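# Fold and contact review
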Amino acid sequence: MSWVSVCRYQALLPERGVCALVDGRQVAVFRTYDGALHAIGNLDPFSGAHVLSRGIVGTRAGEPTVASPLHKQVFSLVSGECLDEPGVTVPVYSIRVEDGLVQVSSVRAGTEPVREPALVPMSV
Amino acid sequence: MSRIVVVGYGPTAHRFVETLRERGSGGRVTVIGEEPRPAYDRVALTSYLGGTSVEDLTYPVPEGTVTRLGGRVTAIDREARTVTLADGSAEPYDVLVLATGSSPFVPPVPGAEHAHVYRTIDDLDAIRLAAKDATEGVVVGGGLLGLEAADALRGLGLRTHIVEMSPWLMPRQVDEGGGAVLKGHIEALGLSVHAGAGVQEIVVGEQGVVTGLRKPDGTLIDAQIVVFSAGIRPRDELARDGGLEVGRRGGIVVDAGMRTSDPSIYAIGECALVGGPEKGMVYGLVGPCFTMAEVAADRITGGGASFEGADMSTKLKLLGVEVAQFGAMDGALDVTYMDPVGGVYKRLFISDDARTLLGGICVGDASPYSSLRPFVGKPLPAAPSDLLFTGSGAELDLPDDAQVCSCNNVSAGAVRVAIVDKGCADVPGIKACTRAGSTCGSCVPMLKQLLERSGVELSKALCEHFAYSRAELYDIVRVRGITTFSELITAHGQGRGCDICKPAVASILASLHNGHVLEGERAALQDTNDHFLANIQKNGTYSVVPRIPGGEITPDKLIVIGEVARDFGLYTKITGGQRIDLFGARVEQLPQIWRRLVEAGFESGHAYGKALRTVKSCVGSTWCRYGVQDSVGLAIALELRYRGLRAPHKLKSAVSGCARECAEARSKDFGIIATENGWNLYVGGNGGFKPRHADLLANDLSTDELIRTIDRFVMFYIRTADRLQRTAAWLESLDGGLGYLRQVIIDDSLGICAELDAQMRHHVSTYEDEWRATISDPEKLGRFVSFVNAPGVPDPSIVFETERDQIKPVNRPEVALQ
Ligand code: SRM
Ligand SMILES: Cc1cc2nc3c(=O)[nH]c(=O)nc-3n(C[C@H](O)[C@H](O)[C@H](O)COP(=O)(O)OP(=O)(O)OC[C@H]3O[C@@H](n4cnc5c(N)ncnc54)[C@H](O)[C@@H]3O)c2cc1C
Ligand code: SF4
Ligand code: FES
């Protein structure tokens, strides 16, 4: 498993996301209020835009969440599941802190390899 | 599994397929509809002219349904069990369901082929197009649909006439007395009513252009557009040609299980005739049609439901006039209340022993409809005169078998079961559980009443994190002097917030303290728009809207906007708010763009914030020959005074220089119209989803009085409104309405005016341009990158194409959702 450093832990604003490029994939990185870190795909599956890192972070029944900034569907930061539309999920990536640096793995959390194709600019 | 084929794809067909699916029928269902789109809500058709989109009207296609849109069935081969389509193809069936609805009746008068009808989206498109070159229109037919069509023509800006054969309007719903009151209302709106009149011919000039309608007495009504709405005819031609039994006056004969004379063919909805070929009835309202759909679905899946006739009660608000009819339209005894001045007519029909309510008619005030309709056929709940005078009847307890929702045939008992046993705690819950209230909505007040009566306290909680309404949270923050979200949620909420409460609290904190929206913890509360001080677009880019107070701009500043747009390759558009919007900026471009704009003297236009947007102006007395005051000067002063003020929802204003109202001030949250003596102030106007004209709050104010009154109005709104409640909805929900508002902000009945004034002074004196502050603060600038680990890299997923010489987002292929 290869880890990519994305930024200093201290640079992350609590309850706000940033987006990192990890092996060509867009990964949304969040630091929640309790200091925990989460990484999910930045692609909002409903709109097709890469924006999840810019949503509002919160909780639903205790579970940390982010709401898509476009049409407000809420996703679990833990499982990547959309809590408003069962069956829709975004990938979850492993994340850790090493020497004050936030690192994200380009492999999906769990054992499953990442299936989302790396992003290439679309031809016009 | 058998193949079910449905012919016709209107509301009835939709309800049929939906019910089949709900019952778990997994068979193949094919729906063939002649219109080019899936079924849509025909009852709400008129709202399409008001801007409701086809998508909003369209019902979702139930899962697993095969649709053949734009396909007209031309024949049924009962031997072979197939239907044939106009394109020659055939579709085999085991069970056939005819849901072909009805078509508007067009009387065979000369010229009729040049007239319009009012039934489908395509009809409305044709009417809208024709209205462009017309100034006057006629609707033939003064019934429910005719008046709706007339309202639509009026809404399209035409001088409108209504021609009705009967001696009064809406003869099926109201009696002569009610008709007279109704006519008064309609004429007061500027429509001409020709009752007791028929049609001789549609007068058509050169090239088939309609020029008028001639009545049998020879008189001519000038009109360039004629719409027939003189009744409907069931579409029974397929059944007739296929040898099925049809009624003497039309309609496909069905039994109580909706089966036609061929046991494998059903007919439902407006094409079906229930009750025998001679005396049967065709139901022209959507409620009974839905019930028929449910009965047929039940039978086909092995059930034994039957259609027992239906309540034909109607309640509608047409041209702003409430009209309602329920139960019978006559009786041994009757009690009438009539107020010609107020335009109210109410009549109840009662059995000869004066005990049982038989029916009623209302014009101008339909409140008896909801409260009394459930008592039809039951003992009168109070003295008839009391029922008519007090009108509301809100205290009455409904018996369990009383029908509450006639569209979906739901009884008071069923609603009570939903509340008590299934735990529905609000109107949306009851809708989801019983369907009551989900069609025409006229029973929603009854649902609320049943909820309250069952002891359910309608929850005012903002979301799962706060048990308070926005107004209560505002008071908590204000009284306790709270300055951060964390403080508030720790002491008065639970969890860590969400996309509902965080922006609401951010707005409260901003209204009360007016710090920078991105300061400290507050940055985490904002919607992406406030977070990046720009409006997000569908492809994840943002738009930039500099403030142009009052719409006044120098040529030099216009040039700067043009240069910035050109240099950053932005799509440029003049907005409906008298300013200029630049679209397609990536986050990392926003600070560079704003650096240029701020340098040239621009500041944030807050297009992204729940804050003051624009104060539109007309050119006013400076140039206009009619203007009586300097509307541009006032608009600029107001825009600069209230800029940046955070509120429960956005605030819009406008100033017109005279009563011609070129600035459309009465569609604004606060609008000002100049008079010879000063200014008239109107409040609570709205465009948008539900337009509302603003109400006159005070007249002939001096500029100082005007500003003081607006200050208080806005601050009182900010203090007491709900989250995302515009002033229009707030004013309508304010107990005591405009009178109460005047007492509070003009007579100071609550003694809070000094505080409201002080809050506004604080806002005005501490205002700072958010963008100027942002570009000079490296910490705030840090977040304007696409990628935290690659600040220079633009987001590669953002791609544009060119249209009319400007950029446009490339529509990405739909990302598959299972
Ligand atoms: C740009 C503009 C359309 C245009 O091309 O002309 C526009 C664009 C948007 N409007 Fe509007 N509205 C624009 C004038 C209007 C007007 C006309 C006016 O202000 O004179 C109205 C009706 C008047 C009114 O508000 O009462 C209007 C009624 C709405 C509504 C419905 C509000 C309602 O109360 O029903 C929304 C939705 C909302 O705010 O919740 C909305 C929301 C929006 C949003 C913010 C939708 C969104 O969240 O993405 C659009 C984004 C703007 C952007 O990205 O820059 N817009 N919008 C106009 C900007 C005016 C400006 O300079 O600020
Ligand atoms: C403007 C307007 C306002 C209304 N307001 C109200 C109201 O307030 N309250 C109320 O209760 N009712 C109202 N109605 C009536 C209500 O819309 C109807 O009762 C309802 O639409 C009936 O549904 P249906 O599916 O039976 O028929 P329709 O809606 O007529 O649908 C039948 C469909 O079948 C298609 N079709 C017909 N023949 C064929 C064929 N041979 N092959 C393929 N397709 C075919 C037609 O094109 C049509 O799309 C209103 C109607 C209109 C037009
Ligand atoms: S509102 Fe009056 S002053 Fe203003 S432009 Fe129109 S006519 Fe002229
Ligand atoms: S009566 Fe129409 S929705 Fe209930």
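Structure report, in brief. Every value quoted in this text rests on a predicted model; they were computed, and no experiment measured them. (Residues numbered from 1 in each chain as written. Chains lettered and ligands numbered in written order. Predicted model: local features only at pLDDT ≥ 70, side-chain atom pairs only at ≥ 80, totals over all residues. Heavy atoms only, no water.)

## Observations concerning the overall build of chain B
- What chain B contains, in helices and strands, is 25 helices and 38 strands.
- For chain B, the residues scored as buried account for 54% of the 818 residues in total.
- Long-range contacts, defined as pairs at least 24 residues apart, comprise 60% of the intrachain contacts of chain B with a sequence gap of at least 6.
- Accessible surface, chain B: about 34500 Å² in total, of which carbon and sulfur atoms supply 50%. (Helix = DSSP H or I, 4+ residues; strand = E, 2+ residues; numbered from the N terminus. Buried < 20%, exposed > 50% of the residue type's maximum accessible area, 1.4 Å probe, protein only. Contact = heavy atoms within 4.5 Å. Areas by Shrake-Rupley, 256 points an atom, 1.4 Å probe, with all protein chains shown as cover.)

## Digging into the sheet that holds strand β36 (residues 695-701) of chain B
All names here are of chain B.
- If you trace the five strands from one edge of the open sheet to the other, you get β32-β33-β34-β35-β36, paired in mixed fashion. Strand pairing shows two members of the sheet lacking a second neighbour, β32 (612-617) and β36, which therefore form its edges. Taken over all neighbouring pairs, the strand axes of this sheet differ in orientation by 15° on average, direction set aside.
- Against the sheet, helix α22 (residues 737-745) touches β35 (678-683) and β36, its axis set at about 40° to β36. (Pairing = 2+ DSSP bridges. Axes fitted to C-alpha atoms, helices over the stretch in contact; angles between N-to-C directions.)

## Considerations on the site of ligand 1
All names here are of chain B.
- Of all residues adjacent to ligand 1, which total 21 residues, the nearest are Gln537, Gly576, Arg579, Asp581 and Gly687.
- Gln537 places a side-chain nitrogen or oxygen 2.5 Å from an oxygen atom of ligand 1.
- The contact in question runs from an oxygen atom of ligand 1 to an N or O atom on the side chain of Lys668, over 2.8 Å.
- When atoms are counted within 2 Å of each cavity's grid points, the one that captures over half of ligand 1 is the second largest pocket.
- Only β31 (580-585) and β32 provide two or more residues apiece to the shell around ligand 1.
- Of the residues assigned to the shell around ligand 1, the class counts are two nonpolar, eleven polar and eight charged. (Near = heavy atom within 4 Å. Polar contact = N/O pair within 3.5 Å; in protein donor to acceptor, adjacent residues only side chain to side chain. 1 Å grid on protein atoms, 1.4 Å probe; cavity = no way out; pocket = protein on both sides within 12 Å on 5 of 7 lines; lining within 4 Å. Sits in = over half its atoms within 2 Å of the grid points. Nonpolar A, V, L, I, M, F, W, Y, C, P; charged D, E, K, R; others polar.)

## Focus on the site of ligand 2
All names here are of chain B.
- Ligand 2 sits among 30 residues. The nearest are Thr12, Glu34, Glu35, Arg42 and Glu270.
- For ligand 2, an oxygen atom lies 2.5 Å from a polar atom in the side chain of Arg42.
- Contact between ligand 2 and Arg235: a nitrogen atom at 3.3 Å from a side-chain N or O atom of the residue.
- Notes on ligand 2: free accessible area 1000 Å², of which the protein chains cover 94%.
- Mapped onto the domain boundaries, the shell around ligand 2 takes at least three residues apiece from domain 1 (3-103 + 234-300) and domain 2 (112-230). (Domains from an automatic or database assignment.)

## Overview of the sheet that holds strand β13 (residues 201-204) of chain B
Residue and element names in this part refer to chain B.
- Reading across the sheet, the three strands line up as β13-β14-β15 and stay open at both edges, with antiparallel pairing between neighbours. Unpaired on one side and paired on the other, β13 and β15 (220-222) mark the two borders of the sheet. Strand-to-strand twist of the sheet, defined as the mean angle between neighbouring strand axes without regard to direction, takes the value 30°.
- Strand direction decides the pairing type here: β13 and strand β14 (residues 210-214), joined by four bridges, are antiparallel. Note on β14: the bridge partner recorded for Val204 is Val210.

## Re helix α14 (residues 485-492) of chain B
- Phe485(B), Ser486(B), Leu488(B), Ile489(B) and His492(B) are the residues of α14(B) that are buried.
- Check the buried side of α14(B) and you find it contacts α13 (470-480) and α15 (501-513) of chain B.

## Focus on the layout of surface pockets
Residues and elements named next belong to chain B.
- Space inside the second largest pocket adds up to approximately 1000 Å³.
- In this structure, the second largest pocket is lined by 49 residues; those nearest its centre are Asn535, Ala607, Lys610, Arg613 and Lys650.
- Looking at the lining of the second largest pocket residue by residue, the class counts come to 16 nonpolar, 17 polar and 16 charged. (Points joined across faces, edges and corners; volume = space filled by probe spheres on them.)

## Some details on the interface of chain B and chain A
- Facing 42 residues of chain B, the contacting portion of chain A comprises 38 residues.
- Across the chain B/chain A interface, buried area totals approximately 3300 Å², and carbon plus sulfur atoms make up 59% of it.
- Across the chain B-chain A interface, the total number found is three salt bridges.
- Where chain B packs against chain A, one counts 16 residue pairs in polar contact (both at pLDDT 80 or more). (Buried area = accessible area lost by both parts, 1.4 Å probe. Salt bridge = Lys/Arg side-chain N within 4 Å of Asp/Glu carboxyl O.)

## Points about the side chain of Ser511(B)
Residues and elements named next belong to chain B.
- For Ser511, the location among the structural elements is in helix α15.
- Among the polar contacts made by the side chain of Ser511, one reaches the main-chain carbonyl oxygen of Arg646 at a distance of 2.6 Å.
- When sequence neighbours within four positions are dropped, the list of residues in contact with Ser511 reads Tyr474, Arg646, Ala647 and Ile718.

## Quick look at the environment of Gly64(B)
All names here are of chain B.
- With respect to the helices, strands and loops of the structure, Gly64 is situated in the loop between α2 (54-57) and β3 (65-69).
- When the C-alpha atoms of Gly64 and Arg28 are compared, they prove to be 7.5 Å apart, with 36 residues separating the residues in sequence.
- With near-sequence residues (within four places) excluded, Gly64 lies in contact with Arg21 and Val29.

## Observations concerning the pattern of salt bridges
- Summed over the entire model, instances satisfying the criterion amount to 51 salt bridges over all chains.
- In this structure, the salt-bridge partner of Glu15(A) is Lys502(B), at a minimum N-O distance of 3.3 Å. Here Lys502(B) lies in helix α15 and Glu15(A) lies in the loop between β1 (3-8) and β2 (16-22), a pairing that spans two chains. The same class applies to Glu15(A) as to Lys502(B), namely buried.
- Its salt-bridge partner being Arg416(B), residue Asp400(B) comes within 2.5 Å of it at the nearest N-O pair. Here Arg416(B) lies in helix α10 (residues 412-420) and Asp400(B) lies in the loop between α9 (384-390) and β26 (403-405), a separation of 16 residues in the sequence.
- Note on Asp400(B): relative accessible area 46%, which makes it partly exposed.
- Connected via shared salt-bridge partners are Arg15(B), Glu18(B), Glu22(B), Glu294(B) and Arg435(B).

## Structural notes on unusual backbone geometry
- For Asp99(A), which is not a glycine, the phi torsion comes out positive at approximately 50°.
- Relative to the helices and strands, Asp99(A) is located in the loop between β8 (92-98) and β9 (101-108).
- The class of Asp99(A) is exposed, set by a relative accessible area of 73%.
- If you check the backbone angles, Gln578(B) has positive phi at about 60° while not being a glycine.
- Turning to its location among the elements, Gln578(B) is positioned in the loop between β30 (571-574) and β31.
- The exposure class assigned to Gln578(B) is partly exposed, which follows from its relative accessible area of 28%.

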